[in-house]
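Given next are the chains, with one letter for each unit.
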Amino acid sequence: MASRWWSQSVLTGVPMGVVTALVAALLTRAIGGPSASDAAICIGFVGWAFGFLGGMGAFRYPRTLLLARPDPTAEEEHQLAVQGGGPWRYFRFTTDHKVVGIQYLVLGLVLFAVGGLAAMLIRLELLRPGAAAFPPATYNTIVGLHGIIMIAGTIIMITGPFGNFVVPIMIGARDMAFPRLNALSFWLLFTAVPVLLCAPFLGGFPTGWTSYAPLADQAPPGMDAFLVTILLFGGSVAVAGANIVTTAITMRAPGMTWTRLPIFVWGAAMTASTLGLMVFPAFMAAMVLLGLDRTLGTSFYVASGGGSAWLYDNLFWLMGHPEVYVIAIPAFAVIMELLPVFSRKPLFGYRTAVASTTAIVGLSVLVWAHHMFVTGWAPQLNGPFMLTTEMISIPTGVVFLVAVGTLWRGRIWLTVPMLFVLSFLWNFVIGGMTGLYLADVPTDYQLHGSLFVTAHFHYTLMGGALMGFFAAFYYWFPKMTGRMLNETLGRIHFWVTQVAFNVTFLAMFYVGLQGMPRRVADYSAQFAAGNFVASIGAFVLGAAMLVFAYNIVSSWLRGQRAPSNPWHAKTLEWQVPTPVPLENFEETPVITSWPYDYGAPEPTPEGAAERAPA
Amino acid sequence: MTAPQSGRHLLGALGTVVVGAVVVVGVSGLLRVLAAVPPTLRARPVGVVQTAVGPLTRASLTLSTYPDSLAGEHGSGGGAHPGWVSYGPTTNLWVPAHALVTVTIRNYDGATTLTDPFYGRVQGTVGGVEWVNGRATRGVPAAQVAHTFTIHMFPTPGQPLLDVSVPLPGVPASTPVGADGYPAPTVVTFQFRTGASGRYIWQCEDPCGTRVGGFGGPMSTQGYMTGTLVVGHG
């Protein structure tokens, strides 16, 4: 086991990763010659990931198993969870789920910062027609980076930090089912970030995050960085998903029956993670085939070689649309988790809510081809895919019914998390309703490829899911850090975000309806006014995010100390002390009731302790 | 929270916003510098010519296409991609509004069969012709085309369409190579009329680039086989 403070940390991981990458790339180039430059890049990046993880000590346990050595002792396991304590444990292969949760939280915020910066650059270019802040190729790469960073960020933003930190405590467990896999999932994700950020230095990728073939076959070596990023990210999501689902199934405390499971665990851990496990392999397979096309000269996606770009489209959207729900369902779950707390009422229609999210998961894998209506693939299936897509609005509507039913006649406590819950409801309704036009074949023929689509999915992913993240962030930040976020700055963040977001994307709906295409660095003068408004709105939105960033840093460093249960909530994570002890509970709790029995006339701490340890 | 604390927090948040704005502007400037936007070649007005549509400013442009990047704007070393085909001396062009523009392109590259024979036809030029080594023609067989000069842009209100596309015949493989390392070029000349001011994109439509289908690399990179054409005043 590690004894020196710097060993098996990023200080050893990064050098080992870099050296392994260089050796792997140079060897490949030496063996394959100049024509193997794409292969050298791909193998070099894979080498980086293996070298980094090796330097972090991720392979110590597999090596123990392979060499049939004795299992680690309890003391060694304890050491792996603690890693010497202090801030340095966040830079090591630490297995404590709470550390992994914080690691996900910080990395997610960093991803949002980089993706947000890219968004500002995009809107700078689109501020006026002919602005030409960057050449088109640079603009395309910025758009692609913004897209994939934000997609990755939103996928992990709830299940990563809160799924890891909160879910085990919520179900009465001492840790995740597979603590080592938990740490592996985070560090695998970490390895993907520098790979993606190398892409601009390798010529970028002109495809956007969708990486459509055959453009992806023709793209510069930056595309190799992109595809390896997806493989690493997909691996991380698979490992994390398997772990979270297994934890929720097998690690529940006595008495934590399926009908007593907090709705957040149902949403984030059961349904979203299962969905991620099912659909991400399709994207990974798409990238493997793309990699073979680019490195070995196969032609899976090249029509002249007998391949088909439709194959890529299908593989991509088999992941691409369910992935929207991998992002959205955890946000739904957060909303349903927080509404009873801040309405001081039981969750309305708990079983219906679980059934609805399950139905959304089931339907979400049957709708992918609505993204391909205009491609000409299987036009006889346009009708059925239109139907399945529109059907998904039924369980989604039921989730809204659950939310409104919970709010109805509640004693609304308008905290900052609750404000974001309400903004989720507002924005997601707009996102959902505009989605119906894109699910409908005739209107999709008109709107496809326009900024209307961009505005629509930003309303669902940003206006909806990201607001769910903000709600979760303000809600669980006190438990995770022991500090309260500043309320005034939180309200400024909320109001400026809500107004600027709607200004930005309503303007984008407008220019989209006028016919402005997406994915363009320049545009016709007729779209100037709408784009100017959208850019100004985006800059103000960026300012709101900086207020949020300042609030995080200042509150984390010097914020007011948080009580153990500032919201008087009833789920288990609020019944343990802050900071949460290493193994969460002194004794395994026994659950005797469901977590939403809010009946007190007003929020009082007395209503909080519903359950006691056995 | 006390009033001084609140004020301090608001000042801190404001400072963060200012720092963020500086970062955005700084990164934007850095990217612009790193991206190295190609210089602009201006077609200078040289008097007025009477045409069928009235008097027009006369202007001319001279371009070249090379099988590599050693002779254009990328310098003798060829820059980052010396092996890429390229237009020269630059790919960002400026021509006057309401002008008769004469363009001469010297092509030093061999033929690559067009993917779409449509681009073998001369379009949008005065008389619907181009002159290849002094001989007028309305088109070039797809298999003999080396590159094209094709202007694209979706119409903007007030900006006239400039639907110009000319094929550049390839240099025969048997042409001897000169002292400069290139064979004697095929010289293509054509004229087109500009209207009011506008901004356009032009590019080669022949699959002369890298990777699958020949449409990768230089085909999608400004400074090589694509660029801008600005029609303006002054």
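Please read these numbers as outputs of a predicted model, since none were measured by experiment.

### Topic: the overall build of chain B
Next, step 1: Looking only at helices and strands, chain B features one helix and 13 strands.
Next, step 2: The C-alpha atoms of chain B give a radius of gyration of 23 Å, which is well past the 17 Å a tight globule of 234 residues would have.
Next, step 3: Along the first, second and third principal axes, the C-alpha set of chain B runs to 85 × 45 × 30 Å.
Next, step 4: With 234 residues in all, chain B has 39% of them scored as buried.
Next, step 5: Within chain B, contacts between residues at least 6 apart in sequence are counted, and of these 69% link residues at least 24 apart.

### Thoughts on the sheet that holds strand β12 (residues 198-203) of chain B
Residue and element names in this part refer to chain B.
Next, step 1: Spatially, the six strands line up as an open sheet ordered β1-β5-β13-β12-β9-β10, and their pairing is mixed. The open sheet terminates on both sides in strands that have one partner only, identified here as β1 (40-42) and β10 (165-169). Direction aside, neighbouring strands of the sheet carry axes that sit 20° apart on average.

### Brief notes about the interface of chain B and chain A
Next, step 1: Counting from both sides, the interface comprises 28 residues of chain B and, opposite them, 32 residues of chain A.
Next, step 2: In terms of residues, the side of chain B that touches chain A owes the most to one element, helix α1 (residues 3-35) of chain B, which gives 13 residues.

### Describing the nonpolar core
Next, step 1: Core analysis: the biggest nonpolar cluster contains 213 residues, and Trp187, Val265, Ile335, Met336, Leu338, Phe420 and Ala471 of chain A have the highest contact counts within it.
Next, step 2: A total of 21 residues in this core trace back to one element, the largest contributor, which is helix α13 (residues 309-343) of chain A.
Next, step 3: Residues from two domains meet in this core; each of domain 1 (1-70) and domain 2 (94-607) of chain A gives at least three.
Next, step 4: Grouped together as the second largest cluster of nonpolar side chains are 44 residues, Tyr66, Leu93, Ala146 and Tyr224 of chain B included.

### Regarding the packing of helix α6 (residues 136-159) of chain A against α13 of chain A
Residues and elements named next belong to chain A.
Next, step 1: Where α6 contacts α13, the axes come no closer than 9 Å and their chain directions differ by 35°. Handedness of the crossing formed by α6 with α13: left-handed. Across the interface between the two elements, Thr154, Ile155, Ile158 and Thr159 of α6 pack against Glu323, Val326, Ile327, Pro330, Ala331 and Val334 of α13.
Next, step 2: Residues that form the contact of α6 with α13 fall into these classes: seven nonpolar, two polar and one charged.

### Topic: the pairing of strand β9 (residues 145-152) of chain B
Residue and element names in this part refer to chain B.
Next, step 1: Summarising burial for β9: six of the eight residues are buried, a large majority.
Next, step 2: Bridging between β9 and β10 involves five bridges; their strand directions are antiparallel. Across the sheet, residue valine 145 finds its bridge partner in β10, namely proline 169.
Next, step 3: Sheet topology places β9 next to β12; three bridges connect them, and they run antiparallel.

### What about the domain arrangement of chain A?
All names here are of chain A.
Next, step 1: We note that the domain assignment places domain 1 (1-70) and domain 2 (94-607) within chain A.
Next, step 2: Measuring from the centre of the C-alpha atoms in domain 1 to the corresponding centre in domain 2 gives 30 Å.
Next, step 3: Taken residue by residue, the interface counts 14 residues in domain 1 and 14 residues in domain 2.
Next, step 4: The element contributing the most residues to the side of domain 1 that touches domain 2 is helix α2 (residues 37-56), with 12 residues.

### Some thoughts on the confidence of the model for chain B
Next, step 1: The share of residues in chain B with pLDDT of 70 or more is 98%, and the mean pLDDT across the chain is 91.
Next, step 2: Scored by ipTM, the complex comes to 0.85, with pTM at 0.92.

### Regarding the pairing of strand β6 (residues 99-107) of chain B
Residue and element names in this part refer to chain B.
Next, step 1: As defined by bridge partners, strand β3 (residues 54-66) adjoins β6 across nine bridges and the pair is classed as parallel. Within β6, the residue paired with arginine 58 across the bridge is leucine 100.
Next, step 2: Across eight bridges, β6 lies against strand β11 (residues 186-193) in antiparallel orientation. Looking across to β11, one finds that threonine 104 is bridged to threonine 189.

### Some details on the packing of helix α5 (residues 97-125) of chain A against α6 of chain A
Residues and elements named next belong to chain A.
Next, step 1: Packing of α5 against α6 leaves a shortest axis separation of 8 Å and a crossing angle of 150°. Put simply, α5 runs roughly antiparallel to α6. With respect to the hand of their crossing, α5 and α6 are arranged in left-handed fashion. Contacts between α5 and α6 involve Tyr104, Gly108, Leu111, Phe112, Val114, Gly115, Ala118, Ala119, Leu121, Ile122 and Glu125 from the first element and Tyr139, Ile142, Val143, Leu145, His146, Ile149, Met150, Ala152, Gly153, Ile156 and Met157 from the second.
Next, step 2: Residues of the contact of α5 with α6, tallied by class, amount to 17 nonpolar, four polar and one charged.

### Observations regarding unusual backbone geometry
Next, step 1: In this structure, proline 579 of chain A follows threonine 578 of chain A across a cis peptide bond, with omega equal to -5°.
Next, step 2: Tracing the backbone through its elements, the reader meets proline 579 of chain A in the segment after α21 (528-558).
Next, step 3: Note the cis peptide between glycine 88 of chain B and proline 89 of chain B, where omega equals 5°.
Next, step 4: Mapped onto the secondary structure, proline 89 of chain B falls in the loop between β4 (86-88) and β5 (92-96).
Next, step 5: Even without a glycine there, the phi angle at asparagine 133 of chain B is positive, about 50°.
Next, step 6: Mapped onto the fold, asparagine 133 of chain B is located in the loop between β7 (130-132) and β8 (135-137).
Next, step 7: Under the C-beta neighbour-count criterion, asparagine 133 of chain B is labelled exposed, with 12 such atoms within 10 Å.
Next, step 8: The backbone of arginine 211 of chain B shows a phi angle near 65°, a positive value even though the residue is not glycine.
Next, step 9: Considering the arrangement of structural elements, one finds arginine 211 of chain B in the loop between β12 and β13 (226-232).

### Focus on the environment of asparagine 531 of chain A
All names here are of chain A.
Next, step 1: Turning to its location among the elements, asparagine 531 is positioned in helix α21.
Next, step 2: Assessed through the 23 C-beta atoms surrounding it within 10 Å, asparagine 531 is described here as buried.
Next, step 3: Between the C-alpha atom of asparagine 531 and that of proline 379, which follows or precedes it by 152 residues, the distance is 34 Å.
Next, step 4: Setting aside residues no more than four positions away along its own chain, asparagine 531 makes contact with Leu126, Val511 and Tyr523.

### Considering helix α16 (residues 393-407) of chain A
All names here are of chain A.
Next, step 1: Spanning 15 residues, α16 covers 21 Å between terminal C-alpha atoms, matching the ideal 21 Å at 1.5 Å per step.
Next, step 2: Residues of α16 that are buried include every one of Pro395, Thr396, Val399, Val402, Ala403, Gly405 and Thr406, and no others.
Next, step 3: For α16, the secondary structure elements touched by its buried residues are α13, α14 (350-364) and α17 (416-439).
Next, step 4: Trailing α16 by a residue or two, arginine 409 shows a phi angle of about 60°, which is positive.

### As for the environment of glycine 51 of chain A
Residues and elements named next belong to chain A.
Next, step 1: With respect to the secondary-structure elements, glycine 51 resides in helix α2.
Next, step 2: Separated by 444 residues in sequence, glycine 51 and tryptophan 495 place their C-alpha atoms 45 Å apart.
Next, step 3: Apart from residues lying up to four places away in sequence, glycine 51 is in contact with Met16, Gly17, Val19, Thr20 and Ala21.

Reading guide: rules and limits
- Residues numbered from 1 in each chain as written.
- Chains lettered and ligands numbered in written order.
- Predicted model: local features only at pLDDT ≥ 70, side-chain atom pairs only at ≥ 80, totals over all residues.
- Helix = DSSP H or I, 4+ residues; strand = E, 2+ residues; numbered from the N terminus.
- Rg over C-alpha atoms; globule rule 2.2 N^0.38 Å.
- Buried ≥ 20, exposed ≤ 12 C-beta atoms within 10 Å, placed from the backbone.
- Contact = placed C-beta atoms within 7 Å.
- Pairing = 2+ DSSP bridges.
- Axes fitted to C-alpha atoms, helices over the stretch in contact; angles between N-to-C directions.
- Core = buried A, V, L, I, M, F, W, Y, C linked by C-beta atoms within 7 Å.
- Domains from an automatic or database assignment.
- Left-handed = near helix turned anticlockwise from the far one by under 90°.
- Nonpolar A, V, L, I, M, F, W, Y, C, P; charged D, E, K, R; others polar.
- pLDDT = per-residue confidence, 0-100.
- Parallel < 35°, antiparallel > 145°, perpendicular 65-115°, else oblique.
- Expected span 1.5 Å × (residues − 1).

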